[in-house]
Amino acid sequence: MKKRRLAIVTIALALIVGVCSWMYLGNRTAIPENCIELVYENKTSYVDLDKLDLKEVTGETINGKGEVNTIHSNGIELKDVLENHKITSYENVTVEADDAYSAVVGKEEIDEKEKVYVLVEEEKASLVVFGDPNSKRNVRNVIRITAE
């Protein structure tokens, strides 16, 4: 009797997980390869990583333990990415990773010179906020940028 009840509960949980996964994955839109989805005023466009005007970037981030990490990479300021797509009027930008991790950066920070970058390495984009007291806003494998 207990084995039968356990089997029924296991099957029910498997069905629930399957349905939830199907609903979640069914709502995701496919983003072209080597691109970042850019959302502004309910319109979607794409940033082609191959066409970005990258430059060498060096800066420091600080982790939760207060340890300083120096980053040397190729990137472009987030402000330039937005301006290249005619996005100048916004208050916050949300940057989302492929695992749904996200971070919000305000316009004031984005406007600071050499602070907020989109880094590109091995056809993957990352957001980095240099000088941030805690590097939790750094986002790897960026797939979406939403300006609001």
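Note that the structure is predicted; figures quoted are calculated from it, not measured. Every residue gets a number counted from 1 within its own chain, in the order that chain's sequence is written. Reporting in this predicted model follows two pLDDT cut-offs: at least 70 for local features of residues, and 80 or more for side-chain atom pairs to be given and counted; totals over whole chains, interfaces and linings ignore these cut-offs and use all residues. Water and hydrogen atoms were dropped before computing side-chain values, which therefore reflect all heavy atoms in the structure.

Chemist: How should I be thinking about the overall build of the protein chain in this particular structure?
Modeler: When its secondary structure is counted, the protein chain shows 3 helices and 9 strands. Scaling as 2.2 N^0.38, a compact globule of 148 residues should have a C-alpha radius of gyration of about 15 Å, whereas the protein chain reaches 20 Å, well beyond that. Seen through its principal axes, the protein chain has C-alpha atoms that stretch 70 × 40 × 30 Å. Contacts are assigned to residue pairs that have any heavy atoms within 4.5 Å of one another. Sequence-distant contacts in the protein chain: of pairs separated by 6 or more residues, those separated by 24 or more amount to 54%. Put simply, DSSP H or I for four residues or longer makes a helix, DSSP E for two residues or longer makes a strand, and each gets a number counted from the N terminus. Between the two quantities, the radius of gyration covers C-alpha atoms and the globule rule is 2.2 Å times the number of residues to the power 0.38.

Chemist: Would you mind showing me how to read the sheet that holds strand E5 (residues 92–97) here?
Modeler: Pairing between the strands of a sheet is mediated by backbone hydrogen bonds and can be parallel or antiparallel. Strands are labelled as partners when DSSP assigns at least two bridges between them. Pairing within the open sheet is mixed, and its 5 strands lie in the order E2-E1-E9-E5-E6. Strands with a single pairing partner mark the edges of an open sheet, and in this sheet they are strand E2 (43–48) and strand E6 (102–106). Taken over all neighbouring pairs, the strand axes of this sheet differ in orientation by 20° on average, direction set aside. Of the pairings in the sheet, the one linking E5 to strand E9 (residues 142–147) comprises 5 bridges and is antiparallel in character. By the bridge assignment, Ala97 is partnered in E9 with Val142. In this description, a line fitted to the C-alpha atoms serves as the axis of each element, helices being fitted only across the stretch in contact, and the angle between N-to-C directions of two axes falls anywhere from 0 to 180 degrees.

Chemist: It is not clear to me how the packing of aromatic side chains should be interpreted in this structure. Could you clarify?
Modeler: Here the aromatic set is Phe, Tyr and Trp, taking the six-membered ring for Trp, and pairing holds for ring centres within 6.5 Å; pairs whose planes are under 30 degrees apart are stacked, those over 60 apart are edge-to-face, and all others are tilted. With the rule as written, the count across this model stands at 1 aromatic pair. Any Lys NZ or Arg CZ found within 6 Å of a ring centre and within 35 degrees of that ring's normal is scored as a charge over the ring. It is Lys107 that lies over the ring of Tyr90; its NZ or CZ is 4.6 Å from the centre.

Chemist: I'm lost on the pattern of salt bridges in this one. Help?
Modeler: If charged atoms from side chains of opposite charge come close, those side chains can pair. When a carboxyl oxygen of Asp or Glu is within 4 Å of a side-chain nitrogen of Lys or Arg, the pair counts as a salt bridge. On inspection of all chains with the given rule, the structure shows 6 salt bridges. Between Asp111 and Lys107 there is a salt bridge whose closest N-O contact spans 3.3 Å. On the criterion of helical spacing, the pair formed by Asp111 and Lys107 is a turn pair, its members being 4 residues apart in helix H3 (residues 107–111). Each residue gets one of three labels from its accessible area relative to the maximum for its type: buried under 20%, exposed over 50%, partly exposed in between, using a 1.4 Å probe on protein chains only. Taking relative accessible area as the criterion, Asp111 reaches 34% and is therefore assigned partly exposed.

Chemist: How should I be thinking about the environment of Ala103 in this particular structure?
Modeler: Secondary-structure assignment places Ala103 in strand E6. In this structure Ala103 comes out as buried when scored by relative accessible area, which is 5%. Spatially, the C-alpha atom of Ala103 lies 8.3 Å from that of Val93, the residues being 10 residues apart in sequence. If we ignore the near neighbours within four places in the chain, the residues touching Ala103 are Val93, Thr94, Val95, Arg137 and Val139.

Chemist: What should I look at first to understand the nonpolar core in this one?
Modeler: In a soluble, globular protein the nonpolar side chains are often hidden away together inside. Grouping buried Ala, Val, Leu, Ile, Met, Phe, Trp, Tyr and Cys residues that are joined through side-chain atoms within 4.5 Å yields what is termed a nonpolar core. Formed by 28 residues in total, the largest nonpolar core has its most connected members in Ile36, Leu78, Leu82, Val93, Leu127, Val142 and Ile145. In this structure, Val57, Ile71, Tyr117 and Phe130 belong to the second largest nonpolar core, which totals 6 residues.

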